[in-house]
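Residue strings, one per chain:
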Number of protein chains: 2
Amino acid sequence: MPARRSSPSMADVAAHVGVSHQTVSRVLNKSPLVRPETRERVEQAMKELGYRRNSAARALVTNRSARLGMVSAHLALHGPSRIAASVDAAAREVGYDVSLVGLETVSPSTVRVAVERLLDQAVEAVLVAAAHRPAIEAARAMDLPVPLVLVQGVEPGDHLAVGIDQVAGARAAVGHLLDLGHRRVAHVAGPLDWAEAVQRREGWLAAHRERDLEPGPELAGDWSAAGGHAAGALLAAGDDVTAVFAANDATAMGLLKALHDAGLSLPDDLSVVGFDDSPEAAYTWPALTTVAQRFSELGERAVGLALQAIEGGTGRPPTPVPLLVPHLVVRDSAARA
Amino acid sequence: MPARRSSPSMADVAAHVGVSHQTVSRVLNKSPLVRPETRERVEQAMKELGYRRNSAARALVTNRSARLGMVSAHLALHGPSRIAASVDAAAREVGYDVSLVGLETVSPSTVRVAVERLLDQAVEAVLVAAAHRPAIEAARAMDLPVPLVLVQGVEPGDHLAVGIDQVAGARAAVGHLLDLGHRRVAHVAGPLDWAEAVQRREGWLAAHRERDLEPGPELAGDWSAAGGHAAGALLAAGDDVTAVFAANDATAMGLLKALHDAGLSLPDDLSVVGFDDSPEAAYTWPALTTVAQRFSELGERAVGLALQAIEGGTGRPPTPVPLLVPHLVVRDSAARA
DNA sequence: CGGTGAAATGTTAGCGCTCACAATGAGCCA
DNA sequence: TGGCTCATTGTGAGCGCTAACATTTCACCG
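Conventions and cut-offs
- Residues numbered from 1 in each chain as written.
- Chains lettered and ligands numbered in written order.
- Predicted model: local features only at pLDDT ≥ 70, side-chain atom pairs only at ≥ 80, totals over all residues.
- Heavy atoms only, no water.
- Least-squares fit on C-alpha atoms with pLDDT ≥ 70 in both.
- Contact = heavy atoms within 4.5 Å.
- Near = heavy atom within 4 Å.
- Polar contact = N/O pair within 3.5 Å; in protein donor to acceptor, adjacent residues only side chain to side chain.
- Nonpolar A, V, L, I, M, F, W, Y, C, P; charged D, E, K, R; others polar.
- Helix = DSSP H or I, 4+ residues; strand = E, 2+ residues; numbered from the N terminus.
- Phe/Tyr/Trp six-rings, centres within 6.5 Å; stacked < 30°, edge-to-face > 60°.
- Buried < 20%, exposed > 50% of the residue type's maximum accessible area, 1.4 Å probe, protein only.
- Lys NZ or Arg CZ within 6 Å of the ring centre and 35° of its normal.
- Buried area = accessible area lost by both parts, 1.4 Å probe.
- Salt bridge = Lys/Arg side-chain N within 4 Å of Asp/Glu carboxyl O.
- Domains from an automatic or database assignment.

A.B. asks: Just give me the short version of the relation of the copies chain A and chain B, but keep the residues and values in it.
C.D. replies: Of the two same-sequence chains, chain A is brought onto chain B (RMSD 0.1 Å, axial shift 0.0 Å) by a rotation of 180°. Both chain copies can therefore be described as sitting about a two-fold axis. Here 100% of the interface residues in chain A have copies in chain B that are interface residues too; the copies meet face to matching face.

A.B. asks: Go over the protein's contact with DNA strand D with me, naming the residues and quoting the values.
C.D. replies: Around DNA strand D, a shell composed of 27 residues is seen, among which Arg-26 and Thr-38 of chain A together with Met-10, Gln-22 and Tyr-51 of chain B lie nearest. Within 4 Å of the protein, the contacting atoms of DNA strand D are 55% sugar and phosphate, with bases supplying the remainder. Between Thr-38 of chain A and DNA strand D, the recorded distance is 2.6 Å, taken from a side-chain N or O atom to a phosphate oxygen. Residue Gln-22 of chain B places a side-chain N or O atom 2.4 Å away from a base nitrogen belonging to DNA strand D. A breakdown of the residues in the surface near DNA strand D according to their chemical character gives eleven nonpolar, twelve polar and four charged.

A.B. asks: Requested: an account of the environment of Ala-258 of chain A, with residues and values cited.
C.D. replies: All names here are of chain A. Inspection of the secondary structure assignment puts Ala-258 in helix α11 (residues 249–261). In sequence terms Ala-258 and His-176 are 82 residues apart; their C-alpha atoms lie 23 Å from each other. Once you skip the residues sitting within four places of it in the chain, Ala-258 turns out to touch His-229, Gly-232 and Ala-233.

A.B. asks: Tell me about the packing of aromatic side chains, and name the residues and values.
C.D. replies: Residue and element names in this part refer to chain A. Counted by the stated rule, this structure contains four aromatic pairs over all chains. Ring plane angle 55° and centroid distance 6.4 Å describe the contact between Phe-245 and Phe-275, whose orientation is recorded as tilted. You can see Phe-245 sitting in strand β7 (residues 243–246) and its partner Phe-275 sitting in the loop between β8 (271–273) and β9 (290–292), a full 30 residues away along the chain. Of the residues examined, Phe-275 reaches a relative accessible area of 0% and is grouped as buried. The ring of Phe-275 is capped by Arg-200, whose NZ or CZ atom sits 3.9 Å from the centre of that ring.

A.B. asks: An account of the protein's contact with DNA strand C is requested, with residue identities and associated values reported.
C.D. replies: As a matter of local geometry, DNA strand C sits amid 28 residues, with Met-10, Gln-22 and Tyr-51 of chain A together with Arg-26 and Thr-38 of chain B nearest to it. In the interface set of DNA strand C, defined as its atoms within 4 Å of the protein, sugar plus phosphate atoms amount to 55%. Ser-25 of chain A places a polar side-chain atom, nitrogen or oxygen, 2.8 Å from a phosphate oxygen of DNA strand C. Thr-38 of chain B places a polar side-chain atom, nitrogen or oxygen, 2.6 Å from a phosphate oxygen of DNA strand C. Elements represented by at least two residues in the surface near DNA strand C include exactly α2 (21–28) and α4 (55–62) of chain A together with α2 (21–28) and α4 (55–62) of chain B. Element by element, the count of residues in the surface near DNA strand C is highest for α4 of chain A, at five residues.

A.B. asks: Describe the interface of chain A and chain B, naming the residues involved and giving the relevant values.
C.D. replies: Across the contact, 54 residues belong to chain A and 54 residues belong to chain B. Together, the buried faces of chain A and chain B total about 4,400 Å²; carbon and sulfur atoms form 54% of this surface. It is Arg-52, Tyr-283 and Trp-285 of chain A that lose the most area in chain A upon contact with chain B, and together they represent 17% of the buried surface on that side. Between Glu-116 of chain A and Arg-52 of chain B there is a salt bridge; the shortest N-O distance is 2.8 Å.

A.B. asks: Let's hear about the domain arrangement of chain A: which residues, and what values?
C.D. replies: Taken as a whole, chain A is organised into domain 1 (10–53), domain 2 (65–164 + 295–325) and domain 3 (166–292). The gap between the C-alpha centroids of domain 1 of chain A and domain 2 of chain A is 37 Å.

A.B. asks: Lay out the environment of Leu-68 of chain B in plain terms, naming residues and giving numbers.
C.D. replies: All names here are of chain B. Among the secondary structure elements, Leu-68 is positioned in strand β1 (residues 67–73). Each C-alpha atom of the pair Leu-68 and Arg-112 lies 16 Å from the other, and the pair is 44 residues apart in sequence. Excluding its chain neighbours within four sequence positions, the residues that come into contact with Leu-68 are Ala-91, Tyr-96, Asp-97, Val-98, Ser-99, Val-123, Ala-125, Val-303 and Ile-310.

Pasting the structure below:
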């Protein structure tokens, strides 16, 4: 038995059957111009030889890579990894492969490098999931030869972007608290160079504004439970706050922890609402009332947009996709004032 | 200004400078056989024209793709996404790109399809992060033209695999409980077709065996907080259990929740230990004692192994990498019996 | 000042595939 | 029978690059 040389080519398959390489190509590309019997024999030969089409050669001649690039910040966090998973699934569905570049730190320069890297792989579109606004702007400013789709950190003016309506989600969360009779709601914010953090904060303000109420104190957070814990310690020591809106569930968990540590009884002494509906949210103590986002739909839409942009070339911009609306999930961590 | 045609090729750059395309190639490949001044001019031209090397053409002629494939199950879970992130970073470090295929459901057939997909992308190695053992076996049985590296679900006999010593981690966790004076420790297991689940269970048994103690009751779980919650309800209703080892942190969180719901006081009435050291573990109530794994090192090692295997070709198998040893993180959820 | 070897550059031939077009053959009608 | 059409298959070129080899340039020596 001869050692397995380099993998067989179309020519090998063709020779094996006694047809031309073009006929093999036709079979592969499902051309109707092949006699069923011939097709049969070619397919048989491909199986026997273990033929696998050479994607590089194909990409070279067609000038298309069938590849989408995704740069994802904070792949280890819940939201981003959900988005990555859904983009991957959606892309595969429509015959695209995906190249992933994770970011260890997010900044204009790291995002630029990541995008460059994807371009070197000849991706047909770049999806950026990095809510950090300066980084997004940097990517936008790059004058790319392919469409760039935003999957996070979207702002109203953005084109070629899919996102979740953070303001609406936050407004619903805070509104819920206010409707429960709380006169003011404190906010532990996310890092304010993230679009999401700004928007959730905006929703918090809006909910108060709509009811002619003064928003409660605002504390800084960083998406993490640690940040939430620190903020919670401050809050527990503080004054008359009866309700808190945390920028995300991790923050809310830290908050809960700090309040317990301070000996408060929840939710009677203090109501807490989070954002994300992470898998653990239903199992905090007390169970977290939060805002659920449909990440999987995000991925699908982003891929759809990318495809549309690829097809459309430099044509008219694709129809803008409305923001997805998240919904409130009421559990036990928020109670009547 | 002419519309941007298809992107410039080496020939374009060469013509622009007045050299041959081969000289451009030499510059690109850092050959020392280029006069510094020539190199300078070529680089200048590349910048001006926005030249970008065509990776397909390069892959075609070199017969190498500089691409690693990774199939990852449960990308949305904490561990897997951490692994994916670290593999990605490590691969990039050594000049490889990574193609990701996420699995929505894990089974022999879905894994096979995923691997096929990666092979069609001409990856130079496949990393499989899918602890589900039957799926792993299926991938192993495929007789691939490229190395396959296991990143999860590793068992002692496995070759070309990196993993974390789950048995040791579990033994440490349960040993900690036993050393605290508990006479027996209950276990809420993971799904037992996952190697990790089996191994953690084995560590639980081993810790008892070493001390000549009878293991406490065993309950079924599924890695999720929901599963832990169900098990916790049973446990709370039950007999004389004073300590529980949960298969992972999510399970432990569900457990904690159920015990609180049952009105128990933790950790006095019942001690709980988890596994994973997820970011939230420090902020449960009480803070979770758990086992920390260094995922990032996992990715690095996996990529290292893959590279070694790619280089080595069919040569002698690479030196086996010892399992990483996780360590116990003591917090508040486990107390003296 | 011709010869020499190393440094620098050029030339040519594909890699495996798709595209455009050419060629073959069978069926059919006048 | 000749010619026409359609279905099927074949041929040739070339995508952008690298590898192997060929050629030119040039500093330096006897």
